[in-house]
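Letter by letter, the chains look like this.
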Amino acid sequence: MKNAKTRRPHRGGAHAAPAGRPELVITVSRDATESRLMREREKAMELQLMQAEKLNALGMSLSGVAHELNNPLTAVMGYCQLLLREDDIQRHTRHREDLETIFKEAARCQKIIRNLSTFARQHKPEKTFLGINGLVKDILRLEEHNLRARNVEPHLDLDEKLPKTMADYHQMQQVMLNLLINAVEALAERKAEGGVWIRTLAADGSIRIVFEDNGPGIPEENLGRIFEPFFTTKPPGKGTGLGLSISYGIISEHGGRIWAENHPGGGARFVVELPILEPPAEPRARESAAKGACPAGARVLIVDDEQAVLDVVFRMLRQMEIAPDVARSATAAKAKLEQSDYAAVLCDYRLPGMSGLDLFEWAKTAKPDMAARWVFITGSIDVAELEATGRPVLHKPFTIQEFREKVAAVLAP
Ligand SMILES: Nc1ncnc2c1ncn2[C@@H]1O[C@H](COP(=O)(O)OP(=O)(O)OP(=O)(O)O)[C@@H](O)[C@H]1O
Ligand SMILES: [Mg+2]
């Protein structure tokens, strides 16, 4: 578009043109297309930054909530499992079934919290060198029945030369399933002519996976909100509004991008962009979990400030025929460790005053044998600091099986 500006230059009286008739017209025109495009690009980038900041802030508060919920859930799940092992309960069918329901529902809460943590991008993905095309075919196979039942025709356009990349298979599968199921749900009204188009391509040194559907598309006012957790336009009980926020977390964790747009022909388009990553030169040997049985009578120190967690861990250790000792703070634990040795130290991360990590740092020099028998317990989902110690981390809430495995691995000779 041209931008024209016309003005009449000032002239002295002697040379003035007859009234009403311009003597000279100067036209200045400027091609503004480029600067307009630049402004639009800047605005889009600004929006994307704002969105990322907003999601980051949400991620932080979700981490806090998850952490607070993990402590009580550890107690609920732990007590349930302990009770389920009692003979009286096993004989009483109704009590057993009720407890099983409580455990199942608590496990569901645990899953929601884990999902939220994925959104908060605190879980490290387990990446392998994989082909995205195979993944796309896998999810279509998984959803084949659902697609047929809903009369949705899948169309594939896969770049056979697509390079492989490092990605977590299950997390990527989760993202693609979310996108596919969203498309299918959006098409629910279309009956006969609903279609989903999935394309893979390599562009600008990245891998792109594009999902398109010919559904109703996304209203303009929702485009900026659909990646927020709990944002849903589906009726209660149908959608939780977590699918896209989880996908956003996973893709960001992979160093990629995900965005949504409406394509001109109608319908929604979701684009996932992943970096092309080579496998590490030397695959790291996996830490093999020690399998030895626990030596009966071993003494283990539990350091936690939550009474319910202390109680439940105490009883789990008793069941393993291990003698538990407890400390409610890092300072109390330090005093105990100065006095005696333990077969293992199960230490909470966040403790009032001195933290579990500080206590571990102290033990590394003052009691290195104990530091080598350390297990961190945490309800926190931000565990990068703990993982950096190289010590095993037990995530609250945990099942008796997970607890036993982690403790047994440390106790094994
Ligand atoms: N392909 C699509 N077409 C139209 N709208 C979509 C599409 N995909 C997502 N949306 C919109 O984005 C919203 C958020 O999607 P998201 O997957 O996060 O949650 P949900 O599908 O509502 O619930 P959940 O995935 O947790 O079951 C949806 O409720 C819907 O309004
Ligand atoms: Mg969804």
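What counts and what doesn't
- Residues numbered from 1 in each chain as written.
- Chains lettered and ligands numbered in written order.
- Predicted model: local features only at pLDDT ≥ 70, side-chain atom pairs only at ≥ 80, totals over all residues.
- Pairing = 2+ DSSP bridges.
- Helix = DSSP H or I, 4+ residues; strand = E, 2+ residues; numbered from the N terminus.
- Axes fitted to C-alpha atoms, helices over the stretch in contact; angles between N-to-C directions.
- Contact = placed C-beta atoms within 7 Å.
- Buried ≥ 20, exposed ≤ 12 C-beta atoms within 10 Å, placed from the backbone.
- Core = buried A, V, L, I, M, F, W, Y, C linked by C-beta atoms within 7 Å.
- Domains from an automatic or database assignment.
- Near = placed C-beta within 6 Å.
- Nonpolar A, V, L, I, M, F, W, Y, C, P; charged D, E, K, R; others polar.

K.L.:
Run through the sheet that holds strand β12 (residues 344-348), naming residues and quoting values.
P.N.:
A sheet is described by the order of its strands in space; here 5 strands give the open sequence β11-β10-β12-β13-β14, paired in parallel fashion. Of all the strands in the sheet, just β11 (323-327) and β14 (393-395) have a single pairing partner and so form its edges. The sheet shows a mean angle of 20 degrees between the axes of neighbouring strands, taken without regard to direction. Where strand β10 (residues 299-303) lies against β11, 5 bridges are found, and the strand directions are parallel. When the bridges of β11 are listed, Arg299 appears paired with Ala323. Of the strands in this sheet, β10, β11 and β12 touch helix α7 (residues 307-319), which is tilted by about 160 degrees from β11.

K.L.:
I'd like a description of the pairing of β12, backed by residues and values.
P.N.:
Counting buried positions along β12 gives 5 out of 5 residues, so the element sits mostly inside the fold. Of the two faces of β12, the one lined by Ala344, Leu346 and Asp348 and the one lined by Val345 and Cys347 are each fully buried. With 4 bridges connecting them, β10 and β12 associate as parallel partners. Among the inter-strand pairings, Val303 is bridged to a residue of β12, identified as Cys347. Bridge count between β12 and strand β13 (residues 374-378): 4 bridges; the pairing is parallel. Looking at the pairing, Cys347 lines up with Phe376 of β13.

K.L.:
Give me the lowdown on the pairing of strand β7 (residues 206-213), citing residues and values where you can.
P.N.:
One ladder, built from 8 bridges, connects strand β6 (residues 195-203) with β7; its direction is antiparallel. For Thr200, the partnering residue across the bridge sits in β7 and is Ile209. The turn linking β6 back onto β7 is made up of 2 residues, and Asp204 within it adopts a positive phi angle of 50 degrees.

K.L.:
Tell me about the nonpolar core, residues and numbers included.
P.N.:
Ranked by size, the top nonpolar core spans 40 residues in total, and within it Val303, Val345, Leu346 and Cys347 carry the most contacts. For this core, the secondary-structure elements that each account for two or more residues are α1 (33-84), β10, α7, α8 (330-339), β12, α9 (356-366), β13 and α12 (400-411). A domain split of this core shows at least three residues from each of domain 1 (36-119) and domain 3 (299-411). Not counting residues within four places of it along the chain, the set of residues in contact with Val303 comprises Ala327, Ala330, Ala333, Val345, Leu346, Cys347, Asp348, Leu351 and Gly356. Of all hydrophobic cores here, the second largest spans 33 residues; its members include Ile226, Leu242, Tyr248 and Leu274.

K.L.:
Describe the site of ligand 1, with residues and values.
P.N.:
Close to ligand 1 lie 20 residues; Ala186, Thr232, Gly239, Gly243 and Leu244 are nearest. Contributions of two or more residues to the shell around ligand 1 are made by α5 (169-186) and α6 (243-253). Here the element with the most residues in the shell around ligand 1 is α5; it accounts for 4 residues. Looking at the shell around ligand 1 residue by residue, the classes come out as 8 nonpolar, 10 polar and 2 charged.

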